[in-house]
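# Structural features, examined
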Amino acid sequence: MTASLEFRRELTPSPTPVERREDILAQPGFGRFFTDHMVTVTWTSGEGWHDAVLRPYGPLSLDPATAVLHYAQEIFEGLKAYRHDDGSIWTFRPEANARRFQSSAHRMALPELDADDFVAALDLLVQTDHEWVPTGGEKSLYLRPFMFASEVFLGVRPAHEVTFAVIASPAASYFAEGVKPVSIWLSEDYTRAAVGGTGAAKCGGNYAASLLAQQEAGANGCDQVAFLDAVERRWVEELGGMNLYFVFDDGSIVTPELTGTILEGITREAIMALGAELGHKIEERRIDVDEWRSGVVSGRIAEVFACGTAAVVTPVGSLKWRGGALEIGDGSAGPVTSRIRQQLLDIQYGRAQDAHGWLHRVR
C-alpha cells in the first residue's frame, strides 16, 4: 500500500482520562462515544486532495450556506477494527470499503479518494487511538469515514470544495444479551430506491428515506423494515440498512441480486464466499415477496437472515404486513444462520484462519 497523502499530526492536549475511557469501553453502546482524534482532508477543484490532518476530535464549523446542508451531496462508509487475543488490531476488508466509497463518490458527483489514502487515514486514526479498541465479547471500534460538500455556495451543481473525514466510536455487541431474531415489517407504501437512482451508493439520503417506513415498522411492533422494488412492488430488495438471505430446505441460500437499487454490502459478499465453502449453493436472483411468504408456509424457506457491519448476521424471526404475519421456522436463529455468523466472527476476531486475506493488520 502506497498512500500519496502526507498526514500532519496534531495530538490532543487533553486526552480522555484513563478511568473515563475504561468506563466507556466497559459499556460503549453504539455511536454514543468517540475517540480522542479524527482525520480530515480537504479537496478543491484547483488543488485536488490536500491538507491531510490527524487532529483532536471536535465540532466542525459550517457556514449556514454550506452546500451539503442544502443539497445533501455526501457519502459515508462503516467498518470495524478488532482486537485479537494477542493484542494486535485488524480491520476487515478496508480496501473493499475504499472501492465502494469511490463508487458512491462517482454517483454523487464527488471526487474519488485514492484507496490507499482511504486505508491510510483509517490506519492512522486507529493507531493513534488504539487504546480505544475494546476487548471482550463482540466489542470493536467502529470506523466512520465520510465525505461531504463543504463549499459555501447556494446552487445546484457539484461542489468545488469537499471535506473527507474519519471518526471512530467504540461499539458493544449488537446483541448485548445473545443473538435475538428480529421481526420485519413489509413496507407496502414506501420504497428505498429506484433504478437509475442512488440505491447502490452509500449516501445519507437513502437512509433518511427509510426512516418513515422504519417508524411504521415500530408502530406495528416490528424491529426492522423490508423494502420492495419501486416498479412492480413485488421483488424483495433489502432492509433499511442490511442485505437479506433466504435459506431453503435443500440447503441452498438465495440473496436478492444487485440491480443498482441495492447496496453492495461488504459483509454480503463475504457471506456468499463462506456459505459456498460450508457446502451451500449460493444463488443471486430476484425473489418475489409471495415466494417468501409461501415458502415459509410450506417449509421450503427454512431460515431468513440479514447482514451488515453493525449486527454482522441477524436472524429474522418473523415477517408482518397489513393483514398478515408469519413466524419463520420456530422463530429462533436457525443452524445455517448461526454457523455462518460464528464462522465470520471467528475470522474477524482472529480465532479462525483467514484463508481469503480479508484481514488488514493495523497495529
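Residues numbered from 1 in each chain as written. Predicted model: local features only at pLDDT ≥ 70, side-chain atom pairs only at ≥ 80, totals over all residues. Heavy atoms only, no water.

### Concerning the environment of valine 41
Mapped onto the fold, valine 41 is located in strand S2 (residues 37-44). Distance from valine 41 to valine 156, taken between C-alpha atoms, is 23 Å for residues 115 residues apart in sequence. Excluding anything up to four places from it in sequence, valine 41 contacts Leu5, Phe7, Trp49, His50, Asp51, Ala52, Val162, Thr163 and Phe164. (Helix = DSSP H or I, 4+ residues; strand = E, 2+ residues; numbered from the N terminus. Contact = heavy atoms within 4.5 Å.)

### A look at the layout of surface pockets
A volume near 630 Å³ is recorded for the largest pocket. Lining the largest pocket we find 31 residues, and of these Lys202, Tyr207, Gly241, Met242 and Ala310 sit closest to its centre. Residue assignment for the lining of the largest pocket shows that the elements contributing at least two residues are strand S7 (140-149), helix H5 (204-219), helix H6 (266-277) and strand S15 (301-308). With 4 residues, H5 is the single largest residue contributor to the lining of the largest pocket. Its residues assigned to classes, the lining of the largest pocket shows 13 nonpolar, 13 polar and 5 charged. In this structure, the second largest pocket encloses a volume near 310 Å³. (1 Å grid on protein atoms, 1.4 Å probe; cavity = no way out; pocket = protein on both sides within 12 Å on 5 of 7 lines; lining within 4 Å. Points joined across faces, edges and corners; volume = space filled by probe spheres on them. Nonpolar A, V, L, I, M, F, W, Y, C, P; charged D, E, K, R; others polar.)

### Details of unusual backbone geometry
A positive phi angle, near 55°, is found at arginine 93, a position not held by glycine. Assessed through its relative accessible area of 5%, arginine 93 is described here as buried. (Buried < 20%, exposed > 50% of the residue type's maximum accessible area, 1.4 Å probe, protein only.)

### Here we look at the side chain of threonine 16
Along the polypeptide, threonine 16 turns up in the loop between strand S1 (8-9) and helix H1 (18-26). Separated by 2.7 Å, the side chains of threonine 16 and aspartate 36 make a polar contact. The contact partners of threonine 16, leaving out residues within four places of it in the chain, are Arg21, Asp36 and Trp132. (Polar contact = N/O pair within 3.5 Å; in protein donor to acceptor, adjacent residues only side chain to side chain.)

This is a description of form; function is not addressed.
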